[in-house]
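Letter by letter, the chains look like this.
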Amino acid sequence: MCKDFQNFSKKYQFSQDVINLFWEKYGERTEKIIQALKQPSKNYAIRVNTLKVTSEKVIEILQEMNIQAEIHPELDEVVLLPVKGPFSVPEYEKKVVVDKFTAESLIQGADLFAPGVLRASKIRLGDMVTIIDKTGECIAAGKAMMTAREMLQLKKGLAVKILYSRYKIFSIRESQLFKKGYIFDQSFPSILVSKILDPQPYEFVLDLCAAPGGKATHIAQIMRNKGCIIAIDRSKPRIKRIKEHILRLGIKNLQVFHGDSRNLPEKYHHCADKILLDPPCSALGVRPKLQVFTTKRDIINLVRYQRQFLEAVANYIKPNGILVYCTCTLTTEENEENIKFLVDNFNCEIIEQSFFYGYPGEKIENLPNWQKLQRFYPDIHDTPGYFIAKLRFRL
Ligand code: SAH
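So, here's what we can say about the structure. (Residues numbered from 1 in each chain as written. Predicted model: local features only at pLDDT ≥ 70, side-chain atom pairs only at ≥ 80, totals over all residues. Heavy atoms only, no water.)

1. Brief notes about the overall build of the protein chain
Just so we agree on the cut-off: The helix count covers DSSP runs of H or I at least four residues long, the strand count covers runs of E at least two residues long, and both are numbered beginning at the N terminus. This radius of gyration counts C-alpha atoms alone. The globule rule is 2.2 Å times how many residues there are, raised to the power 0.38. Three exposure classes are used, based on accessible area relative to the maximum for each residue type with a 1.4 Å probe and protein chains only: buried under 20%, partly exposed in between, and exposed over 50%. Should any heavy atoms of two residues lie within 4.5 Å, those residues are considered in contact. Computed with the Shrake-Rupley method and a 1.4 Å probe, the accessible areas treat only the protein chains shown as cover for residues. Working convention for charge: Lys and Arg count positive, Asp and Glu count negative, and His plus the chain ends are omitted. Charge positions are represented by NZ for Lys, CZ for Arg, CG for Asp and CD for Glu.
Regarding its fold elements, the protein chain presents 13 helices and 19 strands. At 22 Å, the protein chain has a C-alpha radius of gyration in line with the 21 Å of a compact globule built from 395 residues. The dimensions of the protein chain, computed from C-alpha atoms along their principal axes, are 65 × 55 × 40 Å. For the protein chain, buried positions account for 55% of its 395 residues. The long-range share in the protein chain, meaning contacts at least 24 apart out of those at least 6 apart in sequence, stands at 71%. For the protein chain, the accessible surface area stands at approximately 18100 Å², while carbon and sulfur atoms represent 51% of it. One way to put it: in the protein chain the 58 positive side-chain charges average out to a point 6 Å from where the 45 negative ones average out.

Structure below.
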């Protein structure tokens, strides 16, 4: 068995620890899950900014650009764009090696910018090059817009214009739709999170891990620019990105602060009607994934960190306040077991989610209402792997 796992781990470039974790829970299904994770979803979701435009108008604009898209059958503020591929990628003699995160965006047709380059040599402006990741896997190919030396030295700028990639999606971020603030590219389960929070225009909402602001700006949109949302994040560069989105999307009820949301000042104690907690997680549900290096120790450390936010939530929430907790990962430790930690230690209960299109959470002993937790599985739902919990604090 152990030997098989080693082959499995090599074949898919997933750490042995993650394979073991999946195997314990999913058994034979593990391979299907990993195969799904290695590919993008068949449809790419975008959220329509209903403060500025309707989904019908977005579809119309896309049609004028010859891009077929459709409104999501369950949620009309979501537009789905087809992901094309897999295509074969030409292998040129000259290669550029990129890091894992860059490879995961290039595989869907994004251009290569200088900071993603790890290795390049003897490349001249205009050369055709193939992009590979550290393991030598072919990701994409295109035309060099810099020399090898510039690729390695410059901290910004277009390094390779991608002409061939394994998968292709419409380049959202460069589109007028994006620039005019009509859309935000977000996965379907992540769009559901703010809907499930159900913020009301007169409420006070805290988003404790907010950057780059996908969910926070959606909350602002649902509140129709009324009420007050405080968005906190510990990363300054990522805070800058929320601020750019706020301007782009025309948001007026969202204030952004840089800080550690585990230790907010006294003035935030027992004041939030609703809290969103989307903490750092092992992100094992995010796709497409080329390699996974996560270890068991990483997961243990993440759980410890996530619980520090959960403990803090109890200080910030009002009596009868609502918490929505979500992750883009598949481990029970970061999902159901964290919710059990909350229910065991604080006066709160799992409640129903009014938008439920996934599967129930995983059953764990002595956790009442576990069926009201929601999960999305990459091999079943054509989405990233995702977990959403909604709780009411009685206090
Ligand atoms: N909710 C966001 C994604 C959040 S990703 C969205 O929908 O766009 C997790 C975020 O947690 C990261 O931006 C990270 O910078 C932030 N973070 C990590 N530790 C933190 C801390 N102690 N306090 C506040 N934010 C933190």
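2. A short note on the pattern of salt bridges
Formally: Any Lys or Arg side-chain nitrogen located within 4 Å of an Asp or Glu carboxyl oxygen qualifies as a salt bridge.
Tallied over the full model, the rule gives 20 salt bridges. Of the charged contacts, one joins Glu 31 and Lys 11 as a salt bridge, the two residues approaching to 3.3 Å between their closest N and O atoms. On the criterion of sequence distance, the pair formed by Glu 31 in helix α3 (residues 30-37) and Lys 11 in helix α1 (residues 2-12) is long-range, its members being 20 residues apart. Residue Glu 31 is classed as partly exposed on the basis of its relative accessible area of 25%. On the accessibility criterion, Lys 11 (57% relative accessible area) is exposed. For Glu 336, the salt bridge identified is with Arg 375, shortest N-O distance 2.8 Å. Of this pair, Glu 336 sits in helix α12 (residues 336-345) while Arg 375 sits in strand β18 (residues 374-376), and the two are 39 residues apart along the sequence.

3. Describing helix α11 (residues 296-316)
Filter applied, for reference: In a helix, the anticipated span is given by 1.5 Å times the number of residues less one.
Helix length check: α11, at 21 residues, gives a terminal C-alpha distance of 31 Å against a target of 30 Å (1.5 Å per residue), a fit within 8%. Those residues of α11 lying buried are Ile 299, Leu 302, Val 303, Tyr 305, Gln 306, Phe 309, Leu 310, Ala 312, Val 313, Ala 314 and Tyr 316. For α11, the secondary structure elements touched by its buried residues are α2 (16-26), β11 (204-207), β14 (272-277), β15 (317-327), α12 and β19 (386-393).

4. Re the packing of α2 against α3
In plain terms, the rule: Axes here mean lines fitted to C-alpha atoms, for a helix over just the part in contact, with angles spanning 0 to 180 degrees between N-to-C directions. Should an angle fall under 35 degrees it is called roughly parallel, over 145 degrees roughly antiparallel, and 65 to 115 degrees roughly perpendicular, with every other angle called oblique. Three categories are distinguished: nonpolar for Ala, Val, Leu, Ile, Met, Phe, Trp, Tyr, Cys and Pro, charged for Asp, Glu, Lys and Arg, and polar for the others, with Gly belonging to the last.
Look at α2 against α3: their axes get within 9 Å of each other, and the N-to-C directions meet at 130 degrees. By the angle class used here, α2 and α3 are oblique. Across the interface between the two elements, Ile 19, Phe 22, Trp 23 and Tyr 26 from α2 touch Thr 30, Ile 33, Ile 34 and Leu 37 from α3. Looking at the contact of α2 with α3 residue by residue, the classes come out as seven nonpolar, one polar and no charged.

5. So, the sheet that holds strand β8 (residues 138-144)
The test is simple: For two strands to pair, DSSP has to find at least two bridges joining them.
Across the sheet, which stays open at both edges, the six strands sit in the order β5-β9-β8-β7-β4-β6 with mixed pairing between neighbours. One side of each edge strand has no neighbouring strand; the edge strands of this open sheet are β5 (112-113) and β6 (117-120).

6. Structural notes on the pairing of β14
Rules: Looking down the strands as they point away from you, a crossover is right-handed if its path from the first strand over the helix to the second goes clockwise.
Of all six residues in β14, six are buried; the element is thus mostly enclosed. Taken together, the three bridges between β11 and β14 define a ladder with parallel strand orientation. What sits directly across from Asp 207, in β14, is Leu 276. Judged from the five bridges that link them, β14 and β15 form a sheet pairing that is parallel. In the sheet register, Lys 274 faces β15, and the bridge partner there is Ile 322. For the crossover from β14 across α11 to β15, the handedness is right-handed.

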